[in-house]
Amino acid sequence: MENERQLADLAGRLGYRFQDRGLLVRAVTHRSYAADNNERLEFLGDALLSVVVAEALFRERPREGEGALSRLRSNLVRERALAGIARRLDLGEALRLGEGEQKRGGWRRDSVLADTLEAVLAAVY
């Protein structure tokens, strides 16, 4: 199955072996494809990413105030930045999209790629 190879390739690029492979499948499943999709994982991944980036900035920038730290975090976790990371990981090729979303090129849209990256981060967590 083509998608199985793509999932195995993605796991290899991530350098992570999933104990529950179903989490990875769900993480790359868009809502247009199935009811059991990545939206809940995306929610968790967004929160996890925010905490990890906030902690790193807090430690690396001890003299920065809350406003500056918030702006830095916002720049790091914005959609465009996350989509760029997703593209470097070739997440688009592993995405499971419904027919309409596939026709609209969902695998290359920043919003879809960023959301999928967040879901994959939650699946790893």
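Residues numbered from 1 in each chain as written. Predicted model: local features only at pLDDT ≥ 70, side-chain atom pairs only at ≥ 80, totals over all residues. Heavy atoms only, no water.

Caption draft 1: Structural context of a nonpolar patch on the surface. A cluster of nonpolar side chains, contributed by Phe43, Leu44 and Tyr125, occupies part of the molecular surface with about 400 Å² of accessible area. Here Tyr125 is to be found in the segment after α8 (110–124). (Patch = residues over 30% accessible without salt bridge, like charges linked within 9 Å, V, L, I, M, F, W, Y side chains within 5 Å. Areas by Shrake-Rupley, 256 points an atom, 1.4 Å probe, with all protein chains shown as cover. Salt bridge = Lys/Arg side-chain N within 4 Å of Asp/Glu carboxyl O. Helix = DSSP H or I, 4+ residues; strand = E, 2+ residues; numbered from the N terminus.)

Caption draft 2: Spatial organisation of the pattern of salt bridges. Tallying each qualifying case throughout the model produces eleven salt bridges. Between Asp9 and Arg5 there is a salt bridge, with the nearest N and O atoms lying 2.7 Å from each other. Of this pair, Asp9 and Arg5 both sit in helix α1 (residues 2–14), four residues apart, which is roughly one turn of the helix. Between Glu39 and Arg31 there is a salt bridge, and its shortest N-O distance comes to 2.8 Å. Judged by its relative accessible area of 55%, Arg31 falls in the exposed class. (Buried < 20%, exposed > 50% of the residue type's maximum accessible area, 1.4 Å probe, protein only.)

Caption draft 3: Just the packing of helix α5 (residues 79–88) against α8, in detail. Contact geometry of α5 with α8 gives a least axis separation of 8 Å together with a crossing angle of 75°. One element, α5, and the other, α8, form an angle in the roughly perpendicular class. Each of Glu79, Arg80, Leu82, Ala83, Ile85, Ala86 and Arg87 in α5 lies in contact with α8, whose residues at this interface are Asp110, Ser111, Leu113, Ala114, Leu117 and Glu118. Here the residues of the contact of α5 with α8 are counted per class, giving seven nonpolar, one polar and five charged. (Axes fitted to C-alpha atoms, helices over the stretch in contact; angles between N-to-C directions. Parallel < 35°, antiparallel > 145°, perpendicular 65-115°, else oblique. Contact = heavy atoms within 4.5 Å. Nonpolar A, V, L, I, M, F, W, Y, C, P; charged D, E, K, R; others polar.)

Caption draft 4: Representation of the nonpolar core within the structure. Judged by nonpolar contacts, the single largest core of 28 residues is most densely connected at Leu10, Leu24, Ala27, Val28, Leu91, Leu113 and Leu117. Of all the elements in the fold, those that place two or more residues in this core are α1, α2 (21–27), α3 (39–60), α5, α6 (91–94) and α8. Considering each element in turn, this core owes the most residues, eight residues, to α8. Once residues within four sequence positions are removed from consideration, Leu24 is found in contact with Leu7, Leu10, Ala11, Phe18 and Ala123. (Core = buried A, V, L, I, M, F, W, Y, C linked by side-chain atoms within 4.5 Å.)

Caption draft 5: Fine view of α8. The terminal C-alpha atoms of α8, which comprises 15 residues, lie 21 Å apart, in line with the 21 Å expected from a rise of 1.5 Å per residue. Of the positions making up α8, those classed as buried are Val112, Leu113, Ala114, Thr116, Leu117, Glu118, Ala119, Val120, Ala122 and Ala123. (Expected span 1.5 Å × (residues − 1).)

Caption draft 6: Representation of the side chain of Arg96 in the model. Tracing the backbone through its elements, the reader meets Arg96 in the loop between α6 and α7 (99–103). Among buried Asp, Glu, Lys and Arg side chains, Arg96 stands out as unpaired, with Glu4 the closest opposite charge at 7.1 Å. Only 3.4 Å separates the side chain of Arg96 from the side chain of Thr29, close enough to count as a polar contact. If near-sequence neighbours (up to four positions away) are discounted, Arg96 is found in contact with Asn3, Val25, Val28, Thr29, His30 and Tyr33. (Lys, Arg positive; Asp, Glu negative; His and termini not counted. Polar contact = N/O pair within 3.5 Å; in protein donor to acceptor, adjacent residues only side chain to side chain.)

The analysis is restricted to geometry; functional conclusions fall outside its scope.
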